[in-house]
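# Analysis of the macromolecular model
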Amino acid sequence: MWRLRRAAVACEVCQSLVKYSSGIKGRLPLQKVHLVSRSIYHSHHHPTLKLQRPQLRTSFQQFSSLTNHPLHRLKLSPIKYGYQPRRNFWPARLAARLLKLRYLILGSAVGGGYTAKKTFDQWKDMIPDLSDYKWIVPDIVWEIDEYIDLEKIRKSLPNSEDLSKLAPDFDKIVESLSLLKDFFTTGHKLVSEVIGASDLLLLLGSSGETAFRATDHGSESDKHYRKVSDKEKIDQLQEELLHTQLKYQRILERLEKENKELRKLVLQKDDKGIHHRKLKKSLIDMYSEVLDVLSDYDASYNTQDHLPRVVVVGDQSAGKTSVLEMIAQARIFPRGSGEMMTRSPVKVTLSEGPHHVALFKDSSREFDLTKEEDLAALRHEIELRMRKNVKEGCTVSPETISLNVKGPGLQRMVLVDLPGVISTVTSGMAPDTKETIFSISKAYMQNPNAIILCIQDGSVDAERSIVTDLVSQMDPHGKRTIFVLTKVDLAEKNVASPSRIQQIIEGKLFPMKALGYFAVVTGKGNSSESIEAIREYEEEFFQNSKLLKASMLKAHQVTTRNLSLAVSDCFWKMVRESVEQQADSFKATRFNLETEWKNNYPRLRELDRNELFEKAKNEILDEVISLSQVTPKHWEEILQQSLWERVSTHVIENIYLPAAQTMNSGTFNTTVDIKLKQWTDKQLPNKAVEVAWETLQEEFSRFMTEPKGKEHDDIFDKLKEAVKEESIKRHKWNDFAEDSLRVIQHNALEDRSISDKQQWDAAIYFMEEALQARLKDTENAIENMVGPDWKKRWLYWKNRTQEQCVHNETKNELEKMLKCNEEHPAYLASDEITTVRKNLESRGVTVDPSLIKDTWHQVYRRHFLKTALNHCNLCRRGFYYYQRHFVDSELECNDVVLFWRIQRMLAITANTLRQQLTNTEVRRLEKNVKEVLEDFAEDSEKKVKLLTGKRVQLAEDLKKVREIQEKLDAFIEALHQEK
């Protein structure tokens, strides 16, 4: 500082020499004067005058050194090189007295200048050549003028008037020096060199070239010099500073490239097992694993994820993806023009590695980022995953895609690329797209330790930005925001006022604050450009940019490389400041969860959702295996019973009753044969297959849902029900079984020969059961028609309705007619209907003929069924007549033979279906169950939906918190070791 002050004082002294000169209006020989000193005298140099040798003509006007008033003009005496005034005696004596003091001062100045020059040369020879090591000097030294106001320091120094009070009378010294110019030249040159050296130190960044220009006008003795304006001087110095910084930048890039190659070799050796030490890449991988575990949490778990990450937000098409690709040094994201490409968050973990590769968290495939075909495959895979995450009817999804990118020289950090913020929902988007994007962005930015990388398009009007308002809401003080202005090349070309860009970078235009502001260029808009080409274009642009030359942008605020370094430093600073606090938070959460589990479930093991699913899976498979252990007898019994329940109505109503009402044995058999043939060809096989399939479902459901005593766990009920429904839905019965079953049933119904009395009795018992069931149904129908009888009316206080009374009177009248003719046919004649209606009208009951027919159907049905049961009892002893083919009108038991044929058909059908079930269908169902369980195991949403409850949630939370705590502890330990 003392040297700088001394140099400034020296400059002020020299200026005073010129300012308070003895008034010589001529010119001094400046050919050999130092450049800085020449600049001082340059303003007093008249361009029209010329110095000529050997004859020097100097015109001057003398001034008194005491009064500064001009003296009387004297006569000039010719000398060798001009003229000198003739003086009287008393001025000579006065000059002699004054020159004594001047000689002393002059000798001291000359001696001091010579000593200073000699010392300066010695020091200069001792200092080594450090021109190749200028990159060691920090950037702040070259930017010292931003932090230290040199102009203010210069103004604080004493001015020429103050110095004139302290220094001798320089006017008189200069007047004497003008007479002794030959002797003054050497000393003045030395002083000028010292002043020039001090001036060069003040420039701090000049490469040594002067900021002044010389113009030749002929010979060396006729050169004229002019001082450059202050603006041109500043421009030249800034240009030299820019070139110097770019030079150091290239040196630094060369060293980093060499370092990258060396680290690549080291990493390759580590892959081969030569070295076994932890590298930086493992640290970021450990941290990324912690974030992946946190991302697996369900939305209902309320886990506070406050671990740092870099959240990349910006307006749609602002260049977020391009900035990420420049940081990752590969074109890894799908690209589109004017459309939304990022439809779900993409977490990108950047780490060091021997090869430039990318891989997904849930996949082992590595994509070589140096090959274009692998890059295309990676982009396609990311696009497929985004489409898979986006549900039907939506445009964006909150589900995160995790991608790891490794390569030599990559800055270690975790970035999350979010969908671009939009202002208008277009026709191809879901109506809630805008709100969904805002909610996803806010969810990530609400993390108090998340670094917000705000991307703004510099080529569009700043007023069109939406994301800046959102960022200012989430981080009003700008303590974790980094602002990036993209497409600066287009902005410089299109923006009318470059100061607007300066206002953006200085944080004065947008209503948001940030830690840092950066300006980048991410290509010319061509998606086929390589990263290297984009980087070269970016460096070339900023090297020639007017914004940088005019100091509107600072060198450390430009290029994506500087941005990457700044973001990485900020990320790791945030990690070191917050990770231990987060680890303590998870330890407290773990203690609370363990205490809650011990209080609520003291005798149960802590099984998370996956472990519970495996347990349920084993139980379901055991139950399916138990289904194959059902005895054949049980299968046949339930199949036969179910099939008869399904076909009994058709047999009684459509086959037996119409045939039995013919009252003729031959007609009965003919009618039965025809109807059985039609039934077998069209309906019976299909009904049998439906019955078998329903029976299999019922048994499967019974095994799946019935409680197993104390071992039953109601947590699995919903899962078992879902597995059962999905398995049954996927199961399809073998169609070929129906054709073979038709042939078997047709052959069984054609047989009429009952071989023994046991079969005869079994057929009679089967017939009685069927008829009694129909009779019971008929009586219930008649009771509903006529209302309660007298006993129920007296005991239960029930009454008949008016309609029921009419039906009762009609029923009584029809029963009277039926008693008169017990062998009455099944249908009423018209005259009989008229007779019944008139008899009822005579008693004051008005009825409709249709009502009489409906009542007759039920009355006659009950009468016929009772008669058939009485006939069935008579046929118990009729097997002897049937076996010997005796014909007895009272014991014609054709109806018994019919029911025997039906019963035998049911038995044979049940046996056939049982074989098909046990041999084919049960095994196919087991296979379907296994496939469904495998699908559910891969579908996390299904497991979350089917395995729910406080116990499951508590166990899941406890396991996840333990896993996170362990990974965080390992990460913190590795972080301390690296530090």
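Further up the page is the structure itself.
So, here's what we can say about the structure. (Residues numbered from 1 in each chain as written. Predicted model: local features only at pLDDT ≥ 70, side-chain atom pairs only at ≥ 80, totals over all residues. Heavy atoms only, no water.)

In terms of regular secondary structure, the chain is built from 35 helices and 13 strands. When burial is assessed residue by residue, the chain has 42% of its 979 residues classed as buried. Contacts in the chain between residues far apart in sequence, at least 24 positions, make up 79% of those at least 6 positions apart. Approximately 55,400 Å² of the chain is accessible, and the part contributed by carbon and sulfur atoms is 51%. (Helix = DSSP H or I, 4+ residues; strand = E, 2+ residues; numbered from the N terminus. Buried < 20%, exposed > 50% of the residue type's maximum accessible area, 1.4 Å probe, protein only. Contact = heavy atoms within 4.5 Å. Areas by Shrake-Rupley, 256 points an atom, 1.4 Å probe, with all protein chains shown as cover.)

Once that is clear, we can look at a nonpolar patch on the surface. Taken together, the side chains of Trp-790, Trp-794, Leu-795 and Tyr-796 define a hydrophobic patch exposed on the protein surface, amounting to about 610 Å² of accessible area. Looking at where Trp-794 falls in the secondary structure, it is placed in helix α28 (residues 790-796). Since its relative accessible area comes to 68%, Trp-794 is described here as exposed. (Patch = residues over 30% accessible without salt bridge, like charges linked within 9 Å, V, L, I, M, F, W, Y side chains within 5 Å. Salt bridge = Lys/Arg side-chain N within 4 Å of Asp/Glu carboxyl O.)

Attention now moves to a positive patch on the surface. A cluster of basic residues, Lys-718, Lys-729, Lys-942 and Lys-945, forms a positive patch at the surface. Within the residue set of the positive patch, elements represented by two or more residues are α25 (717-730) and α34 (940-946). One can find Lys-942 in helix α34. Classification of Lys-942 by relative accessible area gives partly exposed; the value is 34%. (Lys, Arg positive; Asp, Glu negative; His and termini not counted. Charge placed at Lys NZ, Arg CZ, Asp CG, Glu CD.)

What follows deals with the pairing of strand β6 (residues 346-351). In terms of burial, β6 is a largely internal element, six of the six residues being buried. Where burial is concerned, the two faces of β6 agree: the one with Val-346, Val-348 and Leu-350 and the one with Lys-347, Thr-349 and Ser-351 are both buried. Bridging between β6 and strand β9 (residues 401-406) involves six bridges; their strand directions are parallel. Within β9, the residue paired with Ser-351 across the bridge is Lys-406. (Pairing = 2+ DSSP bridges.)

This part takes up the state of the cysteines. Counted by the stated rule, this structure contains one disulfide. With its sulfur 2.2 Å from that of its partner, Cys-875 forms a disulfide with Cys-893. Looking along the S-S bond of the Cys-875-Cys-893 disulfide, the torsion reads about -105°, which is the left-handed sense. Of the two residues, Cys-875 is situated in the loop between α31 (849-874) and α32 (879-883) and Cys-893 in the loop between α32 and α33 (894-938); the sequence distance between them amounts to 18 residues. The exposure classification of Cys-875 matches that of Cys-893, with both residues buried. (Disulfide = S-S within 2.5 Å.)

Enumeration according to the criterion identifies 15 aromatic pairs in this entry. With 6.1 Å between their ring centres and 90° between their planes, Phe-360 and Phe-367 make a pair best called edge-to-face. Among the aromatic residues, those joined into a ring-pair cluster are Trp-644, Tyr-656, Phe-766, Trp-856, Tyr-860, Phe-864 and Phe-899. For Arg-385, the ring lying beneath its charged end belongs to Phe-360, and the centroid distance is 4.0 Å. Sitting above the plane of the Phe-613 ring, Lys-943 keeps its charged end 5.7 Å from the centroid. (Phe/Tyr/Trp six-rings, centres within 6.5 Å; stacked < 30°, edge-to-face > 60°. Lys NZ or Arg CZ within 6 Å of the ring centre and 35° of its normal.)

Looking now at the pairing of strand β7 (residues 357-360). Both faces of β7 are covered, namely the face carrying Val-357 and Leu-359 and the face carrying Ala-358 and Phe-360. Counted along the chain from β7 to the antiparallel partner strand β8 (residues 367-368), the turn is six residues long. Taken together, the four bridges between β7 and β9 define a ladder with antiparallel strand orientation. The residue of β9 that forms the bridge with Leu-359 is Asn-404.

Next up on the list: the pattern of salt bridges. Going through the model one piece at a time under the given rule, you end up with 39 salt bridges. A single network of salt bridges, built from pairs that share partners, joins Arg-590, Glu-594, Glu-606 and Arg-962.

On to unusual backbone geometry, then. Positioned with a positive phi, Lys-487 is a non-glycine residue whose angle comes to about 55°. Tracing the backbone through its elements, the reader meets Lys-487 in the loop between β12 (481-486) and α16 (488-494). Judged by relative accessible area, Lys-487 falls into the partly exposed class, the value being 24%. Here Thr-559, not a glycine, exhibits a phi torsion of approximately 75°, which is positive. Relative to the helices and strands, Thr-559 resides in the loop between α19 (546-549) and α20 (560-600).

Moving on: the packing of helix α24 (residues 684-705) against α25. Packing of α24 against α25 brings their axes to within 10 Å, and their N-to-C directions diverge by 160°. On the basis of the axis angle, α24 is roughly antiparallel to α25. In this structure, the crossing between α24 and α25 has a hand that is right-handed. Within the contact between the two elements, α24 uses Trp-693, Gln-697, Phe-700, Ser-701, Met-704 and Thr-705 and α25 uses Lys-720, Glu-721, Val-723, Lys-724 and Ile-728. Tallied by class, residues from the contact of α24 with α25 come to five nonpolar, three polar and three charged. (Axes fitted to C-alpha atoms, helices over the stretch in contact; angles between N-to-C directions. Parallel < 35°, antiparallel > 145°, perpendicular 65-115°, else oblique. Left-handed = near helix turned anticlockwise from the far one by under 90°. Nonpolar A, V, L, I, M, F, W, Y, C, P; charged D, E, K, R; others polar.)

Below, the discussion takes up the sheet that holds β6. Whether parallel or antiparallel, the strands of a sheet pair through hydrogen bonds between backbone atoms. Pairing within the open sheet is mixed, and its nine strands lie in the order β8-β7-β9-β6-β10-β5-β11-β12-β13. This sheet does not close on itself; its edge strands, each paired only once, are β8 and β13 (516-519).

With that settled, the discussion passes to the nonpolar core. Tyr-656, Trp-679, Leu-696, Val-723, Trp-760 and Ile-902 are the most contacted members of the largest nonpolar core, which totals 99 residues. Excluding its chain neighbours within four sequence positions, the residues that come into contact with Trp-679 are Val-647, His-650, Val-651, Ile-655, Leu-684, Ile-902 and Met-905. (Core = buried A, V, L, I, M, F, W, Y, C linked by side-chain atoms within 4.5 Å.)

The next point concerns the environment of Asp-681. You can see Asp-681 is positioned in helix α23 (residues 665-682). With 58 residues separating them along the chain, Asp-681 and Asp-739 place their C-alpha atoms 9.8 Å apart. Engagement of the side chain of Asp-681 in a polar contact is seen with the side chain of Lys-677, the distance being 2.6 Å. (Polar contact = N/O pair within 3.5 Å; in protein donor to acceptor, adjacent residues only side chain to side chain.)

With that out of the way, let us pick up the environment of Leu-840. The residue Leu-840 is located in helix α30 (residues 830-842) in this model. With relative accessibility at 0%, the residue Leu-840 sits in the buried group. Residues within four places of Leu-840 in sequence aside, it is in contact with Glu-809, Thr-810, Glu-813, Val-845 and Val-847.

Once that is clear, we can look at helix α29 (residues 802-820). Its 19 residues give α29 an end-to-end C-alpha distance of 28 Å, which sits within 8% of 27 Å, the value for a rise of 1.5 Å per residue. Along α29, the residues that are buried comprise Gln-804, Val-806, His-807, Asn-808, Thr-810, Lys-811, Glu-813, Leu-814, Met-817 and Leu-818. In this fold, the buried residues of α29 make contact with α27 (757-786), α30 and α31. (Expected span 1.5 Å × (residues − 1).)

It is at 9 Å that the axes of α25 and α33 come closest, and there the two elements cross at 125°. Between α25 and α33, the angle is such that the two are oblique. When you trace α25 past α33, the crossing you get is right-handed. Listed contacts from α33 to Leu-719, Ala-722, Val-723, Glu-726, Ser-727 and Arg-730 of α25 are Leu-925, Asn-928, Val-929, Glu-931, Val-932, Leu-933, Asp-935 and Phe-936. Among the residues making up the contact of α25 with α33, the classes are represented as eight nonpolar, two polar and four charged.

Geometric values such as these leave the question of function open.
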